[in-house]
Amino acid sequence: MSLLEVKNITIKFGGLTAVSDFSLSLKKGEIVGLIGPNGAGKTTAFNAITGIYKPASGSVSFNGTDITGLLPDKITKLGIARTFQNIRLFSNLSVLENVLVAHHLRLKSSFAAAMLRLPGYLRQENAMRKEALELLESVNLTRFINEKAGSLPYGQQRRLEIARALATHPQVLLLDEPAAGMNPRESHELMEFIGEIRDKFDLSIFMIEHHMQVVMGVCERILVLDHGVTIAEGNPAEIQGNQKVIEAYLGVEMDA
Ligand SMILES: Nc1ncnc2c1ncn2[C@@H]1O[C@H](COP(=O)(O)OP(=O)(O)OP(=O)(O)O)[C@@H](O)[C@H]1O
């Protein structure tokens, strides 16, 4: 059974149909890629899955439950986490604090209990700190925990953003262009990292990526959007040899 099932969603902005009749079936443990030229509708599809936009038609279900149109924080709590195209870290907070912020999403204490620092709240806070430290260790960021997030090398900032998403305990992780701006060494490390976290955290991953080496290297299946329409779906070899895909990318640098 698929974990995340997107059925025929269409998203419109006024007269523009940004995504038309988009479907996806993501199974447990799969890594699926979403590619397409600039403006094809990839981020819009992500935004509909994560509750930022409500589709004009179609549905999104997760673990068999209809989640279409739920608010983003509700969707995150159910188990779908994401990263963004532009890194969204609190650059003046430390690496550890950035992860703790995400953990606080799951704190059950009231505001009053937090203000009064009641024992129940302190217990939860200590447990979260321990968990955050373990998470940072498992993604190899321990040596940076006290550094300001904004001072990390670019590749490590991306890794931290992913760690922060993992702190919400997702079953599905959506990555929006994780290799953007990375140098060749960083993108190679990212490829290994994505496979590692899938195994370590028992994840299913759906990722948008322009960097073809990364997409072809880590994704088992790839969907291709062009002008909001899915023009192809297949394994990396099938996508690379697909005539419609080659035409959609004509004049576009595929190996960004
Ligand atoms: N909030 C919005 N309001 C109006 N139009 C939008 C909005 N968001 C996206 N669009 C339009 O929808 C289309 C799809 O945009 P989207 O950002 O989803 O493409 P993309 O495939 O993610 O592109 P890129 O690879 O450049 O990030 C584009 O024509 C874009 O201008």
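Fair warning: this is a prediction, and the values are worked out from it, not measured in the lab.

Some words on the packing of aromatic side chains
Each aromatic ring pair is specified by the distance between its two centres and by the angle formed by the two planes.
Now for step 1: A full pass over the atoms with the stated rule returns two aromatic pairs.
Now for step 2: Relative to Tyr53, the ring of Phe13 has its centre 5.1 Å away and its plane inclined at 80°; by these criteria the two rings are edge-to-face. Taken together, the positions of Phe13 in strand 1 (residues 2-13) and Tyr53 in the loop between helix 1 (42-49) and strand 4 (57-62) put the pair 40 residues apart, joining distant regions of the chain.
Now for step 3: Among the residues examined, Tyr53 registers a relative accessible area of 29% and is labelled partly exposed.

Some words on the pairing of strand 1
Now for step 1: Direction of pairing for strand 1 relative to strand 2 (residues 16-27): antiparallel, over a ladder of eight bridges. Its bridge partner lying in strand 2, Ser2 is registered against Lys27.
Now for step 2: In this sheet, strand 4 lies alongside strand 1 in antiparallel orientation, the contact comprising five bridges. Bridged to Lys7 within strand 4 is Ser59.

A short note on empty space enclosed by the protein
Now for step 1: Inspection of every chain in the model, using the stated rule, returns one cavity of 30 Å³ or more.
Now for step 2: Around the largest cavity sit Ala48, Ile49, Gly51, Pro55, Val60, Ile67, Thr68, Gly69, Leu70 and Ile75, which together line it.
Now for step 3: Considered class by class, the residues forming the lining of the largest cavity number seven nonpolar, three polar and no charged.

Examining the nonpolar core
Now for step 1: Counting 49 residues, the largest nonpolar core has Leu160, Leu173, Ile197, Ile205 and Met207 as the members making the most contacts within it.
Now for step 2: Shared between two domains, this core takes at least three residues from each, and those domains are domain 1 (13-78 + 169-255) and domain 2 (88-152).
Now for step 3: Leu173 has contacts with Ala81, Arg82, Ile162, Ala165, Leu166, Ile197, Leu203, Ser204, Ile205 and Phe206, leaving out every residue within four places of it along the chain.
Now for step 4: Listed in part, the 27 residues of the second largest apolar core include Ile9, Val32, Ile49 and Leu223.

Section: the sheet that holds strand 10 (residues 229-234)
Now for step 1: Taken in spatial order, the six strands line up as 6-7-8-3-9-10 in an open sheet, and their pairing is mixed. Either end of the sheet is taken by a strand with one partner, and the two such strands are strand 6 (80-82) and strand 10. On average, each strand axis in the sheet is tilted by 20° relative to the strand beside it, whichever way the strands run.
Now for step 2: Note that strand 6 and strand 7 (residues 172-176) share three bridges and pair parallel. Counterpart to Arg82 in the pairing with strand 7 is Leu174.

Side note on the domain arrangement of the protein
Now for step 1: Split by domain assignment, the protein resolves into domain 1 (13-78 + 169-255) and domain 2 (88-152).
Now for step 2: The partner domain 2 presents six residues to the seven residues of domain 1 that form the contact.
Now for step 3: Of the roughly 530 Å² buried where domain 1 meets domain 2, counting both sides, 67% is carbon and sulfur surface.
Now for step 4: Among the residues domain 1 hides against domain 2, the three largest losses belong to Lys77, His169 and Phe201. Together they make up 58% of the total.
Now for step 5: Taken together, domain 1 and domain 2 are joined by zero salt bridges.
Now for step 6: Between the two partners, domain 1 and domain 2, sit two residue pairs in polar contact (both at pLDDT 80 or more).
Now for step 7: Elements with a minimum of two residues in the side of domain 1 that touches domain 2: helix 2 (72-78) and helix 7 (184-200).

Analysis parameters
- Residues numbered from 1 in each chain as written.
- Predicted model: local features only at pLDDT ≥ 70, side-chain atom pairs only at ≥ 80, totals over all residues.
- Heavy atoms only, no water.
- Phe/Tyr/Trp six-rings, centres within 6.5 Å; stacked < 30°, edge-to-face > 60°.
- Helix = DSSP H or I, 4+ residues; strand = E, 2+ residues; numbered from the N terminus.
- Buried < 20%, exposed > 50% of the residue type's maximum accessible area, 1.4 Å probe, protein only.
- Pairing = 2+ DSSP bridges.
- 1 Å grid on protein atoms, 1.4 Å probe; cavity = no way out; pocket = protein on both sides within 12 Å on 5 of 7 lines; lining within 4 Å.
- Points joined across faces, edges and corners; volume = space filled by probe spheres on them.
- Nonpolar A, V, L, I, M, F, W, Y, C, P; charged D, E, K, R; others polar.
- Core = buried A, V, L, I, M, F, W, Y, C linked by side-chain atoms within 4.5 Å.
- Domains from an automatic or database assignment.
- Contact = heavy atoms within 4.5 Å.
- Axes fitted to C-alpha atoms, helices over the stretch in contact; angles between N-to-C directions.
- Buried area = accessible area lost by both parts, 1.4 Å probe.
- Salt bridge = Lys/Arg side-chain N within 4 Å of Asp/Glu carboxyl O.
- Polar contact = N/O pair within 3.5 Å; in protein donor to acceptor, adjacent residues only side chain to side chain.

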